[in-house]
Amino acid sequence: ILPFFVLWIYVTWVIVLGGVELSYVHQNRRALAAGLRGSTGHEGAPREFQALRLMVRVSEHFRAGARPPDVIALARHLFLRPEETRDLLRHLESANLVRRDRGGLYLPAREASGIALARIVEAVRGDIEHLIADDEKDAPGAHMLITAFERAERDRSARLDTLTLADLIEADQKPAPPAPEGEPA
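Residues numbered from 1 in each chain as written. Predicted model: local features only at pLDDT ≥ 70, side-chain atom pairs only at ≥ 80, totals over all residues. Heavy atoms only, no water.

Caption draft 1: Here's a closer look at the overall build of the protein chain. Within the protein chain, the regular secondary structure consists of eight helices and two strands. When the helices and strands of the protein chain are read in sequence order from the N terminus, they spell out α-α-α-α-α-β-β-α-α-α. Counting across all 185 residues of the protein chain, residues that qualify as buried make up 28%. Here the analysis covers contacts within the protein chain between residues at least 6 apart in sequence; of these, 64% occur between residues at least 24 apart. Working note: accessible area of the protein chain is about 12,900 Å², and carbon and sulfur atoms make up 59% of it. (Helix = DSSP H or I, 4+ residues; strand = E, 2+ residues; numbered from the N terminus. Buried < 20%, exposed > 50% of the residue type's maximum accessible area, 1.4 Å probe, protein only. Contact = heavy atoms within 4.5 Å. Areas by Shrake-Rupley, 256 points an atom, 1.4 Å probe, with all protein chains shown as cover.)

Quick look at the structure:
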């Protein structure tokens, strides 16, 4: 009788744990699907791109007079994990680009026309030097590589300084130009 009892306990736990796993998969299906495909939405995109998309979404809500989004709504819309979204918002908030209201909902800290895209990128991007381990900084070519990346970053920042969040939102709302004849739309 003891072997049947142990078998009954085993089968019961398999059913219970299978149900728990099924429930978890159902609740987290978007995030899990993103992980299986590698990068759905823009989960694998650079932080800078994710931050720009996040700022566009927050500003669109504000411009439309809609209820400001919370972390979960932003994460779902942008197909990001809530932790990633919180981290981006923390950086943007510390750069005074977004602010939270009393209910924890997010608003732009100023008009979209007053926010240069370069400020958004700088808020979530670190220095190139933090990517290189201390013992590698003296390696042959490391200084030249750091200098080249810093120069490229300055050039990119100068270009992004000429564009504002309002420019990005307006460009996003314009219809795409028609494809030339013979090319798929």
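Caption draft 2: Broad picture of empty space enclosed by the protein. Counted according to the given criterion, the structure contains one cavity of 30 Å³ or more. Here the largest cavity is characterised by a volume of approximately 40 Å³. Forming the boundary of the largest cavity are Ser59, Phe62, Arg63, Pro108, Arg110, Glu111 and Ala112. Partitioning the lining of the largest cavity into residue classes produces three nonpolar, one polar and three charged. (1 Å grid on protein atoms, 1.4 Å probe; cavity = no way out; pocket = protein on both sides within 12 Å on 5 of 7 lines; lining within 4 Å. Points joined across faces, edges and corners; volume = space filled by probe spheres on them. Nonpolar A, V, L, I, M, F, W, Y, C, P; charged D, E, K, R; others polar.)

Caption draft 3: Highlighting the pattern of salt bridges. Inspection of the entire model under this criterion finds seven salt bridges. Here Arg100 ties to Glu93 by a salt bridge, and the two come within 3.5 Å at their closest N and O atoms. Taking relative accessible area as the criterion, Arg100 reaches 46% and is therefore assigned partly exposed. Residue Glu93 is classed as partly exposed on the basis of its relative accessible area, which comes to 26%. Among the charged side chains, a network of salt bridges with common partners joins Arg47, Asp87 and Arg90. (Salt bridge = Lys/Arg side-chain N within 4 Å of Asp/Glu carboxyl O.)

Caption draft 4: Region of interest: unusual backbone geometry. One non-glycine residue, Phe79, lies in positive phi territory at about 55°. Relative to the helices and strands, Phe79 is located in the loop between α4 (71-78) and α5 (82-94). For Phe79, a relative accessible area of 34% translates into the label partly exposed. In the Ramachandran plot, Asn96 falls in the positive-phi region, its phi being about 60° despite a non-glycine side chain. Position of Asn96 among the secondary structure elements: in the loop between α5 and β1 (98-100).

Caption draft 5: Molecular detail of the packing of helix α6 (residues 117-124) against helix α7 (residues 142-161). The interhelical angle for the contact between α6 and α7, taken along N-to-C directions, is 140°, at an axis separation of 7 Å. Between α6 and α7, the angle is such that the two are oblique. Two secondary-structure elements touch here, α6 through Leu117, Ala118, Arg119, Val121 and Glu122 and α7 through Glu153, Arg156, Ser157, Leu160 and Asp161. Classifying every residue of the contact of α6 with α7 by side-chain character gives four nonpolar, one polar and five charged. (Axes fitted to C-alpha atoms, helices over the stretch in contact; angles between N-to-C directions. Parallel < 35°, antiparallel > 145°, perpendicular 65-115°, else oblique.)

Caption draft 6: Seen up close, the nonpolar core. In terms of nonpolar packing, the biggest core is built from 28 residues, with Leu54, Met55, Leu92, Ile120 and Leu165 touching the most fellow members. Breaking this core down by element, the ones donating at least two residues are α3 (47-64), α4, α5, α6 and α8 (165-173). If near-sequence neighbours (up to four positions away) are discounted, Leu165 is found in contact with Met55, Val56, Ser59, Ala112, Ile115, Leu117 and Ile120. (Core = buried A, V, L, I, M, F, W, Y, C linked by side-chain atoms within 4.5 Å.)

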